[in-house]
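Fold and geometry: a report
What follows is each chain in one-letter form.
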Amino acid sequence: MNTKLIKKLAGHCFKNGIMDEAKVQKTAKYLNKKQLKEFIKFLRLIDKKNTVTIFVSDKKMEELIDKKIKDSFRNKKIIVKEDKDLIAGIRIEDYDNIYEYSLESSINNMINHINN
Amino acid sequence: MKTSDEILKILEKKLETFDNRVSVRNTGIVEKNTDGVIVASGLSNAQMGEQVEFDNKSQGVILNLDEDSVSIILLDNSSDIKQGDGVQTTGKLLSINVSEELLSCVINPLGTPLDGKNKLNKGKLMPLEKIAAGVIEREPVNTPLKTGIKAIDAMIPIGRGQRELIIGDRGTGKTAIAIDTIINQRQTHLSKNEKPVYCIYVAIGQKQSTIAQVVERLKEAGALEYTIVIAASASDPASLLYLAPYAGVSIAEYFMEKGKDVLIVYDDLTKHAWAYRQISLILRRPAGREAYPGDIFYLHSRLLERAVKLNKKNGGGSITALPIIETQANDLSAYIPTNVISITDGQIFFLTDLFYSGIRPAIDAGNSVSRVGGAAQTSLIKSVAGKMRLELAQYNNLAAFSQFGSELDEATANQLERGRKTIEILKQPQYKPLSESLEFLSIWLATSGQIDDLKLEDTQRFETEYHDFMKRKYSKVIDELSKGEKPNEDMLKKLEKTVIEFKKMFK
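On a predicted model such as this, the values are computed, not experimentally measured, just so you know.

1. Examining the overall build of chain B
- Secondary structure summary: chain B contains 16 helices and 16 strands in total.
- Taken over the C-alpha atoms alone, chain B extends approximately 90 × 60 × 45 Å along its principal axes.
- For chain B, with 507 residues in total, the buried portion stands at 44%.
- The contacts in chain B between residues at least 6 apart in sequence include a share of 71% that link residues at least 24 apart.

In structure tokens:
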């Protein structure tokens, strides 16, 4: 079994962005140690791609933003975390894309702009 | 000293241009670091050739885009990048800051000064990779680029906008010719009639001591003030060696866009090809002939295509490229030499045997050619060069046959003697480029038979002293010749008289 096939198998273990435990268990049975290692790597990667992490400056904001974000990232698992460093606003991490809506980032950008 | 009001006004002005849009960053994670080549996951929006920044502020360039990962070459020697480190795209293609202030500087391919001067902050950002000017923007090569070397200006003339390859084994005087050519451009900066030529010397994979010698030599000859040296020495990472010629041509393009003429020397492209092979092998690209990657031809063709002569509508600037290639045992048919020969508009081939037999510059006239330079040669040199080339060819034929027989008729013996004198006249010491008028005088002496009665060993001394005599006593004749026009009958008679006069004094 080659890498491409293992990657395909890992992809089939997800339904609407959520990992299907039964499918994972069933597939894992037929893989040797090396293949299993690669299978786990791909599961992790796909899971990462299917997860959106939202950092908020205050946990109270969670209910406010939840609905809007869900509409923007359909079929993705959403995790909300608190980060006081943001001062105000939010930061959204969608796999390798980071969207900054925080005061901290605005201030940093302003400092860079003035320095340059 | 600025008042508080002024300081606040400056800050306010800066804030006016501040754009507080949502910042979107594309990030990735380092998976592997192998000899300066990083494999990172993520970076799904990255572009080929885009600059990236690591957590420790190191810079890199993307060279491979795979399904789940990208390969990045590091632009510095930082070995502390490890698995798990973050990296993010910058949205910028690799560029170099250029302005006139770079003249007389020694920099690395990223524009960092190596001579203790301050880094250039102002200037124009020039991308390292750029598509060469198209057919519509160009015009044929029509202006000579004088090297100051008799053999080259007469037999293998170079025009502004041409790509002329300098090729030969190690230690045959390839770099010396390039340096002489740079030194000779000084007269274009002093003369009012000629357009000045700015020079760029790109040292690729050379020893630091050799680069220092070149810089010192240029400084001594007063050539550094119109020259920029880009140095990627042997101890620099392969990525810098790979980028060096592209940085050079980007700087050249800056001057060319301003309508100026530029001469760029790539010393040498063999080491450039080695650096690219090293990078490609680490990137696991399929290896081809001599383990070079499949796009090794494109590597050099896209670089040398940027040498150009723009038409008047586009400013009339030009970039003349002198790439250097080192051969092994005079083998012109190796992979990289044949590639570059086919890309360029001609080549100057240096032979080890000629070099050690005392013929310097050791140019092999038979294998050297300039495909477009003839159109740029002045009528002055043209009037003597054709005859000289023919006589040299006849001499080479006769010399081969005369080895078999001892008795030769008078005509053949004379022809052989004339050929020997011509070769003697074409010898020229290093770092002693000549003006066009003096080059003409030397070649004319040989082709018109003025030195037939001299002994072979006196030829060079006669030539040098005759030059001094002419400069001293007949400077008007020299000025007249320097116009580049074909000499008329009167002028030739005048020259004959000067030779007779000089011979009376010559001992």
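2. Quick word on the interface of chain A and chain B
- Counting from both sides, the interface comprises 13 residues of chain A and, opposite them, 15 residues of chain B.
- Contributing elements (two or more residues each) for the side of chain A that touches chain B: strand S6 (97–102) and helix H5 (103–115) of chain A.
- In terms of residue count, H5(A) provides more of the side of chain A that touches chain B than any other element does, six residues in total.
- Each residue belonging to the side of chain A that touches chain B can be placed in one class, and the counts come to six nonpolar, five polar and two charged.

3. Section: the domain arrangement of chain A
Residues and elements named next belong to chain A.
- Per the domain assignment, the segments of chain A are domain 1 (3–49) and domain 2 (51–115).
- Relative to domain 2, the C-alpha centre of domain 1 lies at a distance of 29 Å.
- Taken residue by residue, the interface counts six residues in domain 1 and five residues in domain 2.
- Top contributing element to the side of domain 1 that touches domain 2 by residue count: helix H3 (residues 33–49), with three residues.
- When the residues that make up the side of domain 1 that touches domain 2 are grouped by side-chain class, the tally is one nonpolar, two polar and three charged.

4. Looking at the sheet that holds strand S16 (residues 369–370) of chain B
Residues and elements named next belong to chain B.
- Spatially, S8-S12-S11-S13-S14-S10-S15-S16 is the arrangement adopted by the eight strands of the open sheet, whose pairing is mixed. Because the sheet does not close on itself, it has two edges, and the strands there are strand S8 (106–107) and S16.
- Bridging between S8 and strand S12 (residues 227–233) involves two bridges; their strand directions are parallel. Bridge assignment links Val106 to a residue of S12, and that residue is Val229.
- In this fold helix H3 (residues 174–184) packs onto strand S10 (165–168), strand S11 (197–206), S12, strand S13 (261–267), strand S14 (318–326) and strand S15 (346–350), with an angle of close to 160° to the strand it touches most, S13.

5. Considering the confidence of the model for chain B
All names here are of chain B.
- Within chain B, residue pLDDT values average 92, and 99% of them lie at 70 or more.
- Here helix H1 (residues 4–16) is the element of chain B with the lowest mean pLDDT, 82, and S14 is the one with the highest, 98.
- Here the complex is predicted with pTM 0.90, and the ipTM for its interfaces comes to 0.82.

6. Some points on the packing of helix H11 (residues 379–402) of chain B against helix H12 (residues 410–426) of chain B
Residue and element names in this part refer to chain B.
- The geometry of H11 relative to H12 is characterised by a closest axis approach of 9 Å and an angle of 120° between their N-to-C directions. On the basis of the axis angle, H11 is oblique to H12. Here H11 runs over H12; the crossing is left-handed. Contacts between H11 and H12 involve Met388, Glu391, Leu392, Gln394, Tyr395, Leu398, Ala399 and Ser402 from the former and Thr412, Gln415, Leu416, Arg418, Gly419 and Thr422 from the latter.
- Counted by class, the contact of H11 with H12 contains six nonpolar, six polar and two charged residues.

7. Let's talk about the environment of Glu53(B)
Residue and element names in this part refer to chain B.
- In this structure, Glu53 sits in strand S3 (residues 50–54).
- Between the C-alpha atom of Glu53 and that of Thr90, which follows or precedes it by 37 residues, the distance is 6.9 Å.
- Beyond its immediate sequence surroundings of up to four residues, Glu53 is in contact with Gln59, Gln88 and Thr90.

8. Structural notes on the packing of H12(B) against helix H14 (residues 459–473) of chain B
Residue and element names in this part refer to chain B.
- Relative orientation of the contacting elements H12 and H14 amounts to 55°, with a least axis distance of 9 Å. Classified by the angle between their axes, H12 and H14 sit oblique to one another. Relative to H14, H12 is oriented so that their crossing is right-handed. Of H14, the residues touching H12 (which contributes Lys421, Glu424 and Ile425) are Thr459, Gln460 and Glu463.

9. Description of the nonpolar core
All names here are of chain B.
- Counting 133 residues, the largest nonpolar core has Ile182, Ile200, Val202, Ala203, Ile230, Val262 and Ile264 as its most contacted members.
- The leading source of residues in this core is helix H6 (residues 238–257), at 14 residues.
- When residues no more than four places from it in sequence are discounted, the contact partners of Ile264 are Ile200, Val202, Gly248, Val249, Ala252, Ile319 and Ala321.

10. So, the pairing of strand S5 (residues 69–74) of chain B
Residue and element names in this part refer to chain B.
- The element S5 is largely enclosed, with a buried count of five among its six residues.
- Looking at chain direction, strand S2 (residues 37–42) and S5 are connected through five bridges and run antiparallel. Bridge pairing in S5 links Val39 to Ser71.
- Counting the residues that bridge the hairpin from strand S4 (residues 59–65) to S5 gives three residues.

11. Points about the domain arrangement of chain B
Residue and element names in this part refer to chain B.
- Here chain B is partitioned into domain 1 (27–92), domain 2 (97–376) and domain 3 (380–505).
- Here the C-alpha centre of domain 3 lies 31 Å away from the C-alpha centre of domain 2.
- If you look at the interface, domain 2 gives 20 residues, while domain 3 gives 18 residues.
- Looking at the side of domain 2 that touches domain 3, the elements that each hand over two or more residues are helix H2 (150–155) and H3.
- The dominant element in the side of domain 2 that touches domain 3, judged by the number of residues it contributes, is H2, at five residues.
- Classifying every residue of the side of domain 2 that touches domain 3 gives 10 nonpolar, four polar and six charged.

Rules used in this analysis
Residues numbered from 1 in each chain as written. Chains lettered and ligands numbered in written order. Predicted model: local features only at pLDDT ≥ 70, side-chain atom pairs only at ≥ 80, totals over all residues. Helix = DSSP H or I, 4+ residues; strand = E, 2+ residues; numbered from the N terminus. Buried ≥ 20, exposed ≤ 12 C-beta atoms within 10 Å, placed from the backbone. Contact = placed C-beta atoms within 7 Å. Nonpolar A, V, L, I, M, F, W, Y, C, P; charged D, E, K, R; others polar. Domains from an automatic or database assignment. Pairing = 2+ DSSP bridges. Axes fitted to C-alpha atoms, helices over the stretch in contact; angles between N-to-C directions. pLDDT = per-residue confidence, 0-100. Parallel < 35°, antiparallel > 145°, perpendicular 65-115°, else oblique. Left-handed = near helix turned anticlockwise from the far one by under 90°. Core = buried A, V, L, I, M, F, W, Y, C linked by C-beta atoms within 7 Å.

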